[in-house]
Amino acid sequence: MEKRDFYEVLEVDKSADAKTIKQAYRRLAMKYHPDKNPGDKEAEEKFKEAAEAYDILSNSDKRQIYDRYGHAGLSGQSSGFSGMDDIFSHFGDIFSDFFGGDIFGSRRSTRPPRPPRGADLKVQMTVSFEEAYTGTKKKIELEQRKPCEQCGGSGSAPGTSPETCGTCQGHGQVVQRTGFMTMVTPCPECNGKGTRISSPCSKCNGTGKEPYTRSVTASVPAGVDSGMRLRLAGEGEKPDVGDPGDLYVFISVEEHPTLLRNQDDLHFEAEVPFTRALLGGVIEVPLVDETVSIDIPRGVQPGDIISVEGKGMPHIGTTHRGDLHVLVKVTLPEKLNKSQRKLIQEFEAKSS
Ligand SMILES: [Zn+2]
Ligand SMILES: [Zn+2]
């Protein structure tokens, strides 16, 4: 069967504007909607035909190609919907736009098309042990590109404007024919823009973009650890149209000179004088923002571990803290004076 002209399918004039085309499609989609014509093969065909016509004519690039080259120009681009579900997922947002609410029930789109979005950015951030313990705010400088101020993003020197690309006559696309195949590709001369810059802007060299530094403040929560990743929604690349991407901050925490971290727990090696190990007593353990007194029980042994609950690192996003584990290292004096030696000798004599 000969493929019908898309304008004929939508029953609109060749000069119809976007609004008219949308209205025409809406009318036909309502009329031939499968939920209104159950089991009607002809209605289903008309519904598909209208969807394909609308897919092409609602897209100004595709419409231009179709206007110039007809159906042949669109081979490889034409949607050629394979089934009804295809149409519903493709036009999901249009249908909800058209019909609002849920007139056609769950048949409608299950997967609305995603709008274009800026790229996600990734940065590394080193925080000190103390900052990881207390949480902090840190400024991140992002090297970005924005539309050039001198030329307003056009890339053309002020007072001049881009000229129509001679290779594609401003269409941005070229048609290549090899045998029976027709292929439409972006114009290699102008990269699909349809225009060419004759006198480039001096500030941006015709790119239309200039670099600038954007500052973002990241809230680093207490308890972050190396290998964690913060996501700053909407702080990624900000495109001219569409939503911005996200910024991902990869955290690396510096080591502490005396405290060793294992997830939420902290480990500390305490030097306990042998007399205090024998007699019992108290030692002080300096943490980040406090000093903790640890009771050394009488008779503690080298290598014993004394644990204190809730004196470790904050657990991210909670008020809970890990534990502190103090490893006992008993220190012996290297030299004794006369009276000390006498005492130890007495001690030895009484020990046997
Ligand atoms: Zn410029
Ligand atoms: Zn071109």
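The structure displayed is predicted, hence computed values, not measured ones.

Caption draft 1: Representation of the environment of Ile-294 within the structure. As for its placement among the helices and strands, Ile-294 is situated in strand β13 (residues 291–296). Classification of Ile-294 as buried rests on a relative accessible area of 1%. Note: C-alpha distance between Ile-294 and Ser-307 (13 residues apart in sequence) is 9.1 Å. Ignoring sequence-local partners within four residues, the contact set of Ile-294 consists of Gly-281, Val-282, Ile-283, Val-285, Ile-306, Val-308, Leu-324 and Val-326.

Caption draft 2: A look at the sheet that holds strand β10 (residues 260–262). Spatial strand order, β10-β11-β15-β14: four strands in an open sheet with mixed pairing. Two strands lie at the open edges of the sheet, namely β10 and β14 (305–308), each paired on one side alone. Taking each pair of neighbouring strands and ignoring which way they run, the sheet shows an average axis angle of 30°. With four bridges connecting them, β14 and strand β15 (residues 324–331) associate as antiparallel partners. When the bridges of β15 are listed, Ser-307 appears paired with His-325.

Caption draft 3: Structural context of the coordination of the zinc ion (ligand 2). Around the zinc ion (ligand 2), the donor atoms from the protein are Cys-165 (SG), Cys-168 (SG), Cys-187 (SG) and Cys-190 (SG), and they sit 2.2 to 2.3 Å away. Here the zinc ion (ligand 2) binds four donor atoms, and the angle range of 102 to 117° at the metal identifies the geometry as tetrahedral. In the primary structure, the donors to the zinc ion (ligand 2) are separated according to the pattern C-x2-C-x18-C-x2-C. Judged by its relative accessible area of 1%, Cys-165 falls in the buried class. Given a relative accessible area of 2%, Cys-168 falls into the buried group.

Caption draft 4: Layout of the nonpolar core. Val-249, Ile-251 and Ile-294 are the most contacted members of the largest nonpolar core, which has 36 residues in total. With residues near it in sequence (within four places) discarded, Ile-251 still touches Met-125, Val-127, Val-220, Val-224, Asp-225, Ser-226, Gly-227, Met-228 and Leu-230. Counting 24 residues, the second-largest nonpolar core is a separate cluster that includes Leu-28, Tyr-32, Ile-65 and Leu-74.

Caption draft 5: Focus on a nonpolar patch on the surface. A cluster of nonpolar side chains, namely Leu-336, Leu-343 and Ile-344, defines an oily patch on the protein surface of about 250 Å² accessible area. Mapped onto the secondary structure, Leu-336 falls in the loop between β15 and α9 (338–351).

Caption draft 6: Representation of the coordination of the zinc ion (ligand 1) within the structure. Surrounding the zinc ion (ligand 1) are the protein donor atoms Cys-148 (SG), Cys-151 (SG), Cys-201 (SG) and Cys-204 (SG), which sit 2.3 Å from the metal. Viewed at the metal, the four donor atoms of the zinc ion (ligand 1) are separated by angles of 102 to 114°, and the geometry they form is tetrahedral. The motif formed by the donor residues of the zinc ion (ligand 1), counted along the single chain, is C-x2-C-x49-C-x2-C. Linking Cys-151 in the loop between β2 (136–147) and β3 (163–164) with Cys-201 in the loop between β6 (195–196) and β7 (209–220), this pair joins segments that are 50 residues apart in sequence. The two residues Cys-151 and Cys-201 agree in class, both being buried.

Caption draft 7: Quick look at the packing of helix α3 (residues 41–57) against helix α4 (residues 60–69). At a closest axis distance of 6 Å, the pairing of α3 and α4 adopts a crossing angle of 100°. Comparing the axis directions of α3 and α4 gives the class roughly perpendicular. Here Asp-55, Ile-56 and Leu-57 of α3 come into contact with α4, specifically with Lys-62, Arg-63 and Tyr-66.

Caption draft 8: Region of interest: the packing of helix α2 (residues 18–32) against α3. Remark: α2 packs on α3, axes separated minimally by 9 Å, with the N-to-C direction vectors making an angle of 160°. Between α2 and α3, the angle falls in the class roughly antiparallel. Note that α2 runs across α3; the crossing there is left-handed. Packed against α2, whose contacting residues are Ile-21, Lys-22, Tyr-25, Leu-28, Ala-29 and Tyr-32, the element α3 presents Ala-43, Lys-46, Phe-47, Ala-50, Ala-51, Tyr-54 and Leu-57 at the interface. A per-class count over the contact of α2 with α3 returns 11 nonpolar, no polar and two charged.

Caption draft 9: Structural view of the packing of aromatic side chains. This structure, assessed with the given rule, holds three aromatic pairs. On the numbers, 6.2 Å between centres and 35° between planes, the contact of Tyr-7 with Tyr-66 is tilted. With Tyr-7 in helix α1 (residues 6–10) and Tyr-66 in helix α4, the pair connects residues that are 59 residues apart, well separated along the chain. Here Tyr-7 and Tyr-66 have matching classes, each one buried. Here Tyr-25 and Tyr-54 contribute two aromatic rings whose centre-to-centre distance is 4.4 Å and whose plane-to-plane angle is 10°, an arrangement assigned as stacked. Linking Tyr-25 in helix α2 with Tyr-54 in helix α3, this pair joins segments that are 29 residues apart in sequence. Among the residues examined, Tyr-25 registers a relative accessible area of 0% and is labelled buried. A network of ring pairs unites the aromatic residues Phe-6, Tyr-7 and Tyr-66 as a single cluster.

Procedures and definitions
Residues numbered from 1 in each chain as written. Chains lettered and ligands numbered in written order. Predicted model: local features only at pLDDT ≥ 70, side-chain atom pairs only at ≥ 80, totals over all residues. Heavy atoms only, no water. Helix = DSSP H or I, 4+ residues; strand = E, 2+ residues; numbered from the N terminus. Buried < 20%, exposed > 50% of the residue type's maximum accessible area, 1.4 Å probe, protein only. Contact = heavy atoms within 4.5 Å. Pairing = 2+ DSSP bridges. Axes fitted to C-alpha atoms, helices over the stretch in contact; angles between N-to-C directions. Donors = N, O, S within 2.8 Å, 3.2 Å for Na, K, Ca; no water. Tetrahedral: all angles 85-135°; square planar, octahedral: opposite > 155°, others 65-115°. Core = buried A, V, L, I, M, F, W, Y, C linked by side-chain atoms within 4.5 Å. Patch = residues over 30% accessible without salt bridge, like charges linked within 9 Å, V, L, I, M, F, W, Y side chains within 5 Å. Areas by Shrake-Rupley, 256 points an atom, 1.4 Å probe, with all protein chains shown as cover. Salt bridge = Lys/Arg side-chain N within 4 Å of Asp/Glu carboxyl O. Parallel < 35°, antiparallel > 145°, perpendicular 65-115°, else oblique. Left-handed = near helix turned anticlockwise from the far one by under 90°. Nonpolar A, V, L, I, M, F, W, Y, C, P; charged D, E, K, R; others polar. Phe/Tyr/Trp six-rings, centres within 6.5 Å; stacked < 30°, edge-to-face > 60°.

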